[in-house]
Amino acid sequence: MDRTHLARFTDINEGFVCEHCGRQVPPSKSSCRNHCPYCLYSKHVDNNPGDRSSSCGGLMRPVGYELSGKKGIVLIFKCEKCGVEKKNISAYEDPIASDDYDLILSLTPRE
Ligand SMILES: [Zn+2]
Ligand SMILES: [Zn+2]
């Protein structure tokens, strides 16, 4: 049995099925993706990025974006259940499944 392969497999960030558009989202190369590259919806599961400590579970609608010199495009989401706003760095340069660039540009830019 190839144990190297197994060990690597468990390390891979898991993909997920988008609850808004139903498409399978492949794991991102950067580990910070928490939104769908096709419709840009996210899910409210974190209080702080990646901690999975929120019990809300609402869908988070993309409402805008801002440009950050260091991080590139930062998407702004609003939870449809509790109304909280959150930001996540866009994975628009992800080689496996990049965020829909046209869709990002259709959102409202913020200062
Ligand atoms: Zn989606
Ligand atoms: Zn919420």
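Residues numbered from 1 in each chain as written. Chains lettered and ligands numbered in written order. Predicted model: local features only at pLDDT ≥ 70, side-chain atom pairs only at ≥ 80, totals over all residues. Heavy atoms only, no water.

Student: Even after reading the chapter, I still don't get the overall build of the protein, so can you show me in this structure?
Tutor: Within the protein one finds two helices and seven strands. From first element to last, N terminus to C terminus, the protein shows the α and β order α-β-β-β-β-β-β-α-β. In the protein, buried positions account for 33% of the 111 residues. For the protein, the proportion of contacts with a sequence separation of at least 24, taken over those separated by at least 6, is 36%. (Helix = DSSP H or I, 4+ residues; strand = E, 2+ residues; numbered from the N terminus. Buried < 20%, exposed > 50% of the residue type's maximum accessible area, 1.4 Å probe, protein only. Contact = heavy atoms within 4.5 Å.)

Student: I keep staring at the packing of aromatic side chains and nothing clicks. Help me out?
Tutor: Each aromatic ring pair is characterised by the separation of its centres together with the angle its planes make. Under the criterion given, the structure shown has one aromatic pair. Positioned over the ring face of tyrosine 38 is arginine 23, at 3.7 Å from the centre of the ring. (Phe/Tyr/Trp six-rings, centres within 6.5 Å; stacked < 30°, edge-to-face > 60°. Lys NZ or Arg CZ within 6 Å of the ring centre and 35° of its normal.)

Student: How should the coordination of the zinc ion (ligand 2) be read in this particular structure?
Tutor: Four donors placed tetrahedrally around a metal ideally meet at 109.5 degrees, and six donors placed octahedrally ideally meet at 90 or 180 degrees. Coordination of the zinc ion (ligand 2) by the protein involves His44 (ND1), Cys56 (SG), Cys79 (SG) and Cys82 (SG), with metal-donor separations of 2.0 to 2.4 Å. Around the zinc ion (ligand 2) sit four donor atoms; with metal-centred angles ranging over 103 to 118°, the donor geometry is tetrahedral. Of note, the zinc ion (ligand 2) draws all its donor residues from one chain, in the sequence arrangement H-x11-C-x22-C-x2-C. Here histidine 44 is found in the loop between β3 (42-43) and β4 (59-68), whereas its partner cysteine 79 is found in strand β5 (residues 72-79), with 35 residues between them in sequence. With respect to burial, histidine 44 and cysteine 79 carry one shared label: buried. (Donors = N, O, S within 2.8 Å, 3.2 Å for Na, K, Ca; no water. Tetrahedral: all angles 85-135°; square planar, octahedral: opposite > 155°, others 65-115°.)

Student: I keep staring at the coordination of the zinc ion (ligand 1) and nothing clicks. Help me out?
Tutor: Looking at the zinc ion (ligand 1), the protein donor atoms are Cys18 (SG), Cys21 (SG), Cys36 (SG) and Cys39 (SG), and they sit 2.2 to 2.3 Å from it. Around the zinc ion (ligand 1) sit four donor atoms; with metal-centred angles ranging over 107 to 116°, the donor geometry is tetrahedral. Along the chain, the residues donating to the zinc ion (ligand 1) fall in the pattern C-x2-C-x14-C-x2-C. One end of the pair, cysteine 18, is in the loop between β1 (16-17) and β2 (24-25); the other, cysteine 36, is in the loop between β2 and β3, with 18 residues separating them in the sequence. Relative accessible area serves as the criterion here: at 5%, cysteine 18 is assigned to the buried category.

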